[in-house]
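# Residue-level structural notes
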Amino acid sequence: RQWASDMARAWGLRSASGFEGSIVEQALAQLENAHRARIIQHEQQKREAQSLVARGLPLRIVVSAGDKDASLHPGWILTSATTLDITAASSFRALLLDLEVVDTFVAEHILEHLSFAEVMAAVENMHTFLKPGGRLRLAVPDPNHVNATAPGRQQFG
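Throughout what follows, the structure given in this document is the object of discussion. (Residues numbered from 1 in each chain as written. Predicted model: local features only at pLDDT ≥ 70, side-chain atom pairs only at ≥ 80, totals over all residues. Heavy atoms only, no water.)

### Examining the packing of aromatic side chains
Cut-off, in case you're wondering: Two aromatic rings from Phe, Tyr or Trp, using only the six-membered ring of Trp, form a pair when their centres are within 6.5 Å; if the ring planes differ by under 30 degrees the pair is stacked, by over 60 it is edge-to-face, and anything between is tilted. Working definition: helices are DSSP H or I runs of at least four residues, strands are E runs of at least two. Numbering for both runs from the N terminus. Residue burial is assigned from relative accessible area. The probe radius is 1.4 Å, only protein chains are included, and a residue is buried under 20% of its type maximum, exposed over 50%, and partly exposed in between.
Tallied over the full model, the rule gives 2 aromatic pairs. Ring geometry for Phe-92 and Phe-105: centres 5.9 Å apart, planes at 70°, overall edge-to-face. With Phe-92 in helix H3 (residues 89–96) and Phe-105 in strand E3 (residues 102–108), the pair connects residues that are 13 residues apart, well separated along the chain. For the residue pair Phe-92 and Phe-105, the accessibility class agrees, reading buried in each case. Centroid distance Phe-92 to Phe-129: 5.4 Å. Interplanar angle 20°. Geometry classified as stacked. Taken together, the residues span a long stretch of sequence, with Phe-92 in helix H3 and Phe-129 in helix H4 (residues 116–129) at a distance of 37 residues. Pair check on accessibility: Phe-92 and Phe-129 agree, each one buried. Among the aromatic side chains, those forming a connected cluster through ring pairs are Phe-92, Phe-105 and Phe-129.

Shape descriptors only; they carry no functional weight alone.
Printed below as a string of structure tokens:
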């Protein structure tokens, strides 16, 4: 609640009479719930990554998977822009803790949304956390092969 109140004050949304029950209060509650859900999701992914590494199983990560159903991709950790900022090494460290622990990274249809500097940072970060001999799959739209990369036609791995 404090986080939402701080945001409201920073944005100048709270009046002297407050805004309990208002649309603004409802919106702030939704923001707070979304923020809390992202933290929980990040912690779950962190525990899952640590468990895979501890058991000697392959650590395979899809970056910016969006809202894909993780149960349809067993053995993969599906991250989102809110749980792994691929342009920030600190975000990788927070999720993975150690260098050279990931067996496979998949980054499909995300790099074209970044600046050149962000792409370079993202690739460097993935390389840093990739095991020697690991795999990095990058895909960007190709107007000559639209059907081959259409959603639902490509499998991870």
